[in-house]
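The residues making up each chain are set out below.
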Number of protein chains: 2
Amino acid sequence: MISGNLKKEFENLLGEKNVMGDEVTRMNYAYDAAVLDPVMPALVLRPDSSEQLGAAIRLCGEHGVPATVRGAGTNLSGGTIPYKNGVVILTNAMNKIIEINEVDMYAIVQPGVVTADFAAAVAAKGLFYPPDPGSMKVSTLAGNVAENAGGLRGLKYGVTKDYVMGMDFFDVEGNLIKTGSKTVKGVTGFNVSGLMIASEGCLGVFNEITLKLIPPPRASKCMMAIYDSVAEATESVAAIIAAKIVPCTLEFMDNFTIRAVEDYAKVGLPLDAKALLLIEVDGHPAEVADDAAKVEEICKKYNARDIHVAKDEAEKNKVWEARRAALSALAKLKPTLVLEDATVPRSKIPDMVSGLDVVAAKYGLSIGTFGHAGDGNLHPTILCDRRDEKEWHKVETAVKDIFDLALGMGGTLSGEHGIGIAKAGFMAQEVGEQSLSYFRKIKKAVDPKGILNPGKVIGD
Amino acid sequence: MISGNLKKEFENLLGEKNVMGDEVTRMNYAYDAAVLDPVMPALVLRPDSSEQLGAAIRLCGEHGVPATVRGAGTNLSGGTIPYKNGVVILTNAMNKIIEINEVDMYAIVQPGVVTADFAAAVAAKGLFYPPDPGSMKVSTLAGNVAENAGGLRGLKYGVTKDYVMGMDFFDVEGNLIKTGSKTVKGVTGFNVSGLMIASEGCLGVFNEITLKLIPPPRASKCMMAIYDSVAEATESVAAIIAAKIVPCTLEFMDNFTIRAVEDYAKVGLPLDAKALLLIEVDGHPAEVADDAAKVEEICKKYNARDIHVAKDEAEKNKVWEARRAALSALAKLKPTLVLEDATVPRSKIPDMVSGLDVVAAKYGLSIGTFGHAGDGNLHPTILCDRRDEKEWHKVETAVKDIFDLALGMGGTLSGEHGIGIAKAGFMAQEVGEQSLSYFRKIKKAVDPKGILNPGKVIGD
């Protein structure tokens, strides 16, 4: 429990209104986007400056108060579920874009800047910030860095990791640690900036982040290829990559998902199609024309029964609207939605998709599969009702089967959703106990009392 | 000192011929490419398998023997200078390319693979490994990762860091730690793979590294722009970037360097030119044509007196031969060559070049400046004679001035040459004592006896 005296100290630091102890607020921050049990925090703090943030962390450090920093809470692995008797620290009052440097092509941001707002501000200056996690309309940049968020463009443009140049962050004593640089090249000191990416708030608390920007592509072309066979769709994916074409986006949707999306969004998807590929190529106009023609040729070779090329921006938006609707559309069908993201090398996508069919049949579960086929990161989505204990047990076992499938193909537990609490127990299966022990040594060294987002990634 | 018994143990592990204690061999590995005092190692070890490497590290760990792992020793900051009474571990017997996966576009390599050999093997499969450090003909891939080596293509293609997908490495107890993945996306566990990049052998010993490959550019065009004014050359650099053109290479050479290169390599450089830019654009043929035309236009606008566009591969090679000769050409002029690489945001290149002139004049030193102007990473090169104590003192002071210059412009101590011993003493100036202390906590946690390449990056 947090004593009245300590609460008073937080109030002195942050102002009374930014230290929230009422039940409704605490309940609001007891859970996140993962299907996991809520944990009530003792307090919710909302610092609105670097000074306040650093002082709040220092106080948590001094008093051994577990602290979970939370952006928008959109992670899907319980990374922002608080720890018992701990505090939640909100970053949404620290949402300033400090600098967008057009000539040196970087930006400096506070942790709570919303990803889509940032992308728009960058675009307004004629530059491009590629990472586009599904939650970008609400997710925050520090949350993206803490989770190493991916998105639809990972295939060509990489993920959040590829755009972090440097940062400063608070250690558990409230000291400001500086790592990385504003230069394209920089090797000064250990790459702690790299270590902080995907650390899920376990190693420090971001204060300011320097992000790399690039010139935007000059043109793009978007198409939808419709298949009567799942295998032919997934084999097209491998063939496109093998032809040395790297589309900026290459998404897959199975029939289950197609029907759910059409029912939800009415965008005119072919209900009888076994699978869809949504493909966008971008770059120089001539390159786009060449690549689009080759992609069409490959899709035809693999018996796509129809290929719609978006004629204009409106048609293009319609294609992506369909894709973006997938999660919401599936979520409508049953009370509980388990969105997996075990990831495989992209050539294994055909095997992974057939493997998922086997899992669905084995447990009699409804699994809709869609996602980033081009980078091997599918999102098999299990629809169920968590209140049905028997079914829930099947779901948990099916998820383990999916992990086994992915790891057996040289894949990984999580492509972009994080480890959090949800997958912490499976870490050793992928990396081994010795690696886990190395990770824990680092955690222990920089957070000896274990107050920074306890229980996440490496377990308790 | 290493006891006879311990030497025997190493011999039992590695075979007698791979445990070298003779003075000549030890002297050969007492220094590296940096201008620093040699330190004699007690033994030189040459494991030729993962098992031998792991066992050697474990033995060092158990007996508290300082271990410096060495690729080709081409780093320029003393990163491979051994520690007193320590061992040098050579990686050149572990030089196998384990896999080049064309469909999933990654490769797995042993630590001692030579960079250029790897790039050639990848090219033979129709793929591209972009990092091209100046020493790539002899440097090793693990050395590149340990130093986060850069090169000429950093501007467009990034540096070694951007191509490391994962690895396994030995910790100080000889355990094999697994981090990262073979998938485009992967967020399983802390990004320890990121931390290992640029760690200069202080945190673990690489066993196998997974590297990302990309499709090669379809075309390229190379040109040399000749200027009667340094300012106009450096302003062209900023203007090219501001026009949202990202050449794959954008190199600068001052008059001092031009004359040295021409004297050395006889490639027909204009001896009276105040500066040269060497520029290569690549990509789709139409993009290359467009970009090359725009670059020419910009160079003309900034009064380039002449622009030679390479007509064919032979002419292109001549341009790059001139650039590659710079270091050797300058090295011929005086007994000692101090090659700096303090780096600035690229818009500051004009200020940095004039600042270097001021430093040269202040101390009456010869400084030839060339390097990767497009990414802000110049290599001011001080020619001197280390045996001349008075001059050497001036050089050391001038180097400090160069650091101040770069840091004052928001730059960094080292763009690609590493911190090693040479710049360890300056770390706090850039990152502050608190950051340094955070770095040291990580080091202490994973290497409590401090035997992994002691003294490098964070000092003793």
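Residues numbered from 1 in each chain as written. Chains lettered and ligands numbered in written order. Predicted model: local features only at pLDDT ≥ 70, side-chain atom pairs only at ≥ 80, totals over all residues. Heavy atoms only, no water.

Can you tell me about the interface of chain B and chain A, naming the residues and giving the values?
Between chain B and chain A, the residue contacts involve 85 residues of the former and 85 residues of the latter. When the two sides are added together, the surface that chain B and chain A hide from each other amounts to roughly 7300 Å², 61% of it contributed by carbon and sulfur. Of all residues in chain B, K185(B), F190(B) and Y438(B) give up the largest surface area on contact with chain A, accounting jointly for 14% of the area buried on that side. The interface formed by chain B and chain A holds eight salt bridges in total. Between chain B and chain A we count 34 residue pairs in polar contact (both at pLDDT 80 or more) in total. Every element with two or more residues in the side of chain B that touches chain A is listed here: β8 (176-180), α7 (192-196), α8 (230-242), α10 (285-301), α15 (427-431) and α16 (433-446) of chain B. If one sorts the elements of the side of chain B that touches chain A by residue count, α16(B) sits on top with nine residues. (Contact = heavy atoms within 4.5 Å. Buried area = accessible area lost by both parts, 1.4 Å probe. Salt bridge = Lys/Arg side-chain N within 4 Å of Asp/Glu carboxyl O. Polar contact = N/O pair within 3.5 Å; in protein donor to acceptor, adjacent residues only side chain to side chain. Helix = DSSP H or I, 4+ residues; strand = E, 2+ residues; numbered from the N terminus.)

Outline the side chain of S236(B), supporting the account with residue identities and numerical values.
Take S236(B): it is sitting in helix α8. Discounting chain neighbours no more than four positions away, the residues touching S236(B) are Y227(B), L277(B), I298(B), C299(B) and Y302(B).

Residues and numbers for the sheet that holds strand β11 (residues 249-254) of chain B, please.
Residues and elements named next belong to chain B. The sheet built from seven strands is open, its strands ordered β13-β10-β12-β11-β15-β16-β14 with antiparallel pairing. One side of each edge strand has no neighbouring strand; the edge strands of this open sheet are β13 (306-309) and β14 (336-339). Each adjacent strand pair in this sheet contributes to an overall mean axis angle of 15°, direction not counted. The pairing of β11 with strand β12 (residues 275-283) spans six bridges and is antiparallel. Across the sheet, the residue bridging to D254 is A275, located in β12. Relative to β12, helix α11 (residues 313-324) is tilted by about 130°, and along the sheet it contacts β10 (219-227), β11, β12, β13, β15 (366-372) and β16 (377-384). (Pairing = 2+ DSSP bridges. Axes fitted to C-alpha atoms, helices over the stretch in contact; angles between N-to-C directions.)

Before we move on, could you go through the pattern of salt bridges and cite the residues and values that matter?
Think of it this way: side chains of opposite charge can pair up when their charged atoms draw near. Following the criterion strictly, the structure yields 48 salt bridges over all chains and no others. Put simply, D291(B) and R218(A) hold a salt bridge, and the shortest N to O gap is 2.7 Å. Here D291(B), found in helix α10, pairs with R218(A), found in the loop between β9 (205-212) and β10 (219-227), and the two come from separate chains. Overall, D291(B) belongs to the buried group, its relative accessible area being 5%. Relative accessible area serves as the criterion here: at 40%, R218(A) is assigned to the partly exposed category. (Buried < 20%, exposed > 50% of the residue type's maximum accessible area, 1.4 Å probe, protein only.)

Which residues make up unusual backbone geometry, and what are the values?
Residue and element names in this part refer to chain A. In this structure, M105 is a non-glycine residue whose phi angle is positive, near 50°. Relative to the helices and strands, M105 resides in the loop between β5 (97-101) and β6 (106-109). Positive phi, close to 50°, is recorded for K266, a residue that is not glycine. With respect to the helices and strands, the residue K266 is situated in the loop between α9 (255-265) and β12 (275-283). The exposed category is assigned to K266, whose relative accessible area is 59%.

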